[in-house]
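Here's the letter readout for the chains.
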Amino acid sequence: MKAIINRRDFLKRSTIVVAGAGLGGQLYAAVGEQPYIHSSPVNGLITAPDIPFRPRRVASWWNTLDDLLWSQKVVRDKVKRRAEGFATANIDTAMNYGFHVRFDYSNYFGRLNEYFHFVKEELHKYDIKFIEHYSCNHVHRPRGKEEREKLHRSHRHHVLLFHDQEAAEHAQYEGHLFRDLFEVDLIDGSRGYARQYQMEAFCHNNPGFLDMHQKYLERLIREVGFDGYEIDDMCDYVGLRACGCNYCLERFKKDYGHTFPPVTDTRFWGDTSKPMLYWGNYDNPLFRDWINMKDDIIADHVQMVKDVIGKKPLFTCCSSTGPIVLNAISLNLERIADKLDFYMLENVGINLHSVNWGEKDAEALQQKDIAAKRGKSPAIALSYTIYSDGGYLGWSLARFWGVANWASTIQKRVYEEDPADSMETEDVIRPYNNWEVKHSDLNHDQGIDYPEIRLVYNYYCRINGWRDQKGVEHWSKTKMWSKRFLENNIGYRILRYKELADADQLMSEKSPLLLDGVASLSDSQYDAIENYHSRGGILWLSLPFGTHDEKGNVRTTPLSERLLKRRRNNLKLMDSISDNNEVFQQLVQDDGLNPIVRQISGDSGWVIRLRDYNGKKVVHFMNSRLKAIPHPTVKDISQSPVVDRIESEIADNLLRFEIDTKRFNTTKLSLYSPELEDHSREIRFSGVRGKTIMEVDLTGIRIYAVAQ
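Conventions we followed
- Residues numbered from 1 in each chain as written.
- Predicted model: local features only at pLDDT ≥ 70, side-chain atom pairs only at ≥ 80, totals over all residues.
- Heavy atoms only, no water.
- Helix = DSSP H or I, 4+ residues; strand = E, 2+ residues; numbered from the N terminus.
- Rg over C-alpha atoms; globule rule 2.2 N^0.38 Å.
- Buried < 20%, exposed > 50% of the residue type's maximum accessible area, 1.4 Å probe, protein only.
- Contact = heavy atoms within 4.5 Å.
- Lys, Arg positive; Asp, Glu negative; His and termini not counted.
- Charge placed at Lys NZ, Arg CZ, Asp CG, Glu CD.
- Expected span 1.5 Å × (residues − 1).
- Arc of directions from axis to C-beta.
- Patch = residues over 30% accessible without salt bridge, like charges linked within 9 Å, V, L, I, M, F, W, Y side chains within 5 Å.
- Areas by Shrake-Rupley, 256 points an atom, 1.4 Å probe, with all protein chains shown as cover.
- Salt bridge = Lys/Arg side-chain N within 4 Å of Asp/Glu carboxyl O.
- pLDDT = per-residue confidence, 0-100.
- Pairing = 2+ DSSP bridges.
- Axes fitted to C-alpha atoms, helices over the stretch in contact; angles between N-to-C directions.
- 1 Å grid on protein atoms, 1.4 Å probe; cavity = no way out; pocket = protein on both sides within 12 Å on 5 of 7 lines; lining within 4 Å.
- Points joined across faces, edges and corners; volume = space filled by probe spheres on them.

With that settled, the discussion passes to the overall build of the protein. When helices and strands are counted, the protein shows 19 helices and 30 strands. Its C-alpha radius of gyration of 25 Å places the protein within 12% of the 27 Å reference for a compact globule of 708 residues. With respect to the three principal axes, the spread of C-alpha positions in the protein is 80 × 65 × 45 Å. Going through the 708 residues of the protein one by one, you find that 62% of them count as buried. Contacts spanning at least 24 positions in sequence make up 80% of the contacts within the protein whose residues lie at least 6 apart. Here the protein contributes 94 positive and 99 negative side-chain charges, whose respective centroids are spaced 2 Å apart.

Now the structure itself:
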């Protein structure tokens, strides 16, 4: 879904194509009856970090330019009031927000660190953790008056205080002149410029920059001692135009054995008349190596940061890590996952499109699995809002997905000036956090999901730029399946590339593997799949399969030919969901899929997630047919209306579900919702022809409810 943060606007994610094809019957019989428990990673899967604390209710601690007046009494008093407000909202973790593009404030680091230390100490009085949050590798450098005005319209939330054009040439920290650290534009040799943010970018591979950043981190630890660190933006917003500095060109030759080709070489660059995000010829192994090297550079920077901060938790921003387009800006959570401790998904925006939350379900479950394979590390969904209903939507989604909630107002991302009636983050989230503590204190960290299908997403397809003959990429197919599973209340999880190479991991569950468009496949992945298949594991397969190896090289013979020669009954070949609209329906009708829950009456706009919390069965209800009511005057930076209120488009809220109680055994639940306040409703269970029927009345509830 379209988020407030410009990186998602910048990426312009691909349009979802709805499709499908037929599938046959008896294969689903082997699906297990137990909830999914993330087993301990083995054979190269990521090991668990030592997590000192696990956030549940997170909120942004907004800074303003006035806070640079530290240590005036007005600033100290404001900090004390806000810390108390966070405590009354049952917030357990505060995320530093503002003073974002951090090296813009290098002249003020001492004063800022004193202020941050005071905030930390006040929050600690209420047992609230304080996590640092800043962008490490840019400085604002608007080019000309028009760019400067655009910056002031679009990014006031950064708390803008940047050098003027003349002073910028002399800006430095720890003896490093900024002008010596910038990326070099491969096209024209100028400094690397991220036009969407009006920033010049430091090169992640420049040893001077790395030394400067390390010394700043060491100072932060010494003078503030945050409880954790979110360091944005571990990517490259200059994109494929960078970096042409000597350090990067030498590394390309040293690590990959290549001399960088001229910018006129279309065999490498592809069609440069397209937007930069779509440059590059993925059929050329040199270009694929360039993409990989850029990711290597980011990963090395992340590792340096982790080495400095030690056991304190580390994470970074990430709105998605699935589509090919992210290769252009080196935004690759899969590549750096083993160096992080928390995992964050930027989720709901403030414009009217934000109510279409189902578009983010695949991203949410993908990042939840990344966190799970890191020893069940914390996963956090960040949701932006201006008004109360947006905060409620974000809080509801975190519960539906089974992750921590990070609530954040973001008034300074509206057009030109803050709305007069906007709310502070703690005031937005207080009623929902407090209701949760009183009525439904479900710890997401203890929740166990019920995936009935393992939907395979193989990272090798993304990094090698694979698309089918119609131009549809593997991630798009994954999202199409995700959408259908969500709409039909079928539990699923994303199974990723490292687990796909481990036969024992594949055999640890009985649910089928669904592979649609897994063209790039390593030998170890194929061997694990073949081992799983030979031991009775169920495969639902859509071609192509294994036409390329993990480096993107075309195989002489597709691995699908080897697999299909086995002629085993536990493999069902089907059309891709992007080619045949009927595949999902045929899958259900042919009895190939026998869901735990089937809805038999009422509006299907209410979707559900089953979860087990220490033996307690819980059903989460989320409205997928929401209507955003625009604010009459307030607009976002694109001058689109922001969400004022959210209404439900569902007419029939009397729902009946058929439940397979052999796999989800519960016959005694009550319905709760913040919209019911201190009241609950009875949920009726009855038996009909050997089936258990659950009847739920969601009348008067707009967004979320829980049966517990």
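Additional details are given in the paragraphs that follow.
Right, let's get into helix α2 (residues 73-88). An ideal rise of 1.5 Å per residue puts 22 Å on 16 residues; α2 measures up with 23 Å between its terminal C-alpha atoms. The set of residues buried in α2 consists of Val-75, Val-79, Arg-82, Ala-83, Gly-85 and Phe-86. Here the buried residues of α2 occupy an arc of 160 degrees about the axis, which is enough to place them on one side. In α2, the exposed residues that point more than 90 degrees away from the buried face are Lys-73, Val-74 and Arg-81. Where α2 is buried, its residues contact β1 (57-62), β2 (93-97), α3 (109-124) and α13 (425-439). Of the residues trailing α2, Asn-90 is marked for its positive phi of about 55 degrees.

On to a nonpolar patch on the surface, then. On the surface, Leu-543, Leu-564 and Leu-573 cluster together into a nonpolar patch covering about 220 Å² of accessible area. Checked against the element boundaries, Leu-564 lands in helix α18 (residues 559-564). Relative accessible area serves as the criterion here: at 30%, Leu-564 is assigned to the partly exposed category.

Quick look at the confidence of the model for the protein now. On average, the protein scores 91 in pLDDT, and the residues at 70 or more come to 93%. Long-range and interchain partners of residues 1-34, a stretch whose pLDDT sits below 50, account for 134 contacts in this model, where long-range means more than four residues apart. Across residues 37-46, where pLDDT falls below 50, the model places 23 contacts with residues more than four positions away in sequence or in other chains.

This part is about the pattern of salt bridges. Applying the stated criterion to the full structure yields 62 salt bridges. The shortest N-O distance in the salt bridge between Glu-499 and Arg-493 comes to 2.8 Å. With respect to burial, Glu-499 and Arg-493 carry one shared label: buried. Residue Arg-555 pairs with Asp-523 through a salt bridge whose shortest N-O separation is 2.9 Å.

Bringing the sheet that holds strand β15 (residues 453-456) into the picture now. One key point about sheets: their strands pair by backbone hydrogen bonds, in either a parallel or an antiparallel sense. Strand order across the open sheet formed by five strands is β16-β15-β17-β18-β19, with parallel pairing between neighbours. Looking at the sheet topology across the chains shown, the edges are occupied by β16 (492-495) and β19 (571-573). Along the sheet, successive strands turn relative to each other by an average axial angle of 25 degrees, direction set aside. As defined by bridge partners, β15 adjoins strand β17 (residues 513-516) across two bridges and the pair is classed as parallel. Among the inter-strand pairings, Leu-455 is bridged to a residue of β17, identified as Leu-514. Strand contacts of helix α17 (residues 523-534): β15, β17, β18 (539-542) and β19, with the helix running at about 135 degrees to β18, the strand carrying the most contacts.

A few words on empty space enclosed by the protein. Taken as a whole, this structure holds 10 cavities of 30 Å³ or more when the rule is applied. Lining the largest cavity we find 21 residues, and of these Asp-449, Tyr-450, Pro-451, Tyr-492 and Arg-609 sit closest to its centre. At the level of elements, α11 (361-372), β16 and β21 (606-613) are the ones that each hand at least two residues to the lining of the largest cavity. At four residues, β21 tops the list of elements feeding residues into the lining of the largest cavity.

Below, the discussion takes up helix α4 (residues 145-154). Where α4 is concerned, the buried positions are Glu-147, Leu-151 and Ser-154. When α4 is viewed along its axis, its buried side chains cluster within an angular range of 85 degrees and face the same direction. The exposed residues of α4 that point more than 90 degrees off its buried face are Lys-145 and Glu-146. Lining the buried residues of α4 we find β4 (138-140) and β7 (193-194).

In this section: the pairing of strand β30 (residues 704-707). With burial as the criterion, each face of β30 is covered, one bearing Tyr-704 and Val-706 and the other bearing Ala-705 and Ala-707. The pairing of strand β22 (residues 616-623) with β30 spans four bridges and is classified as antiparallel. What sits directly across from Val-619, in β30, is Ala-707. In terms of strand pairing, strand β26 (residues 670-672) meets β30 through two bridges, oriented antiparallel. Along β30, the bridge assignment pairs Leu-671 with Ala-707.

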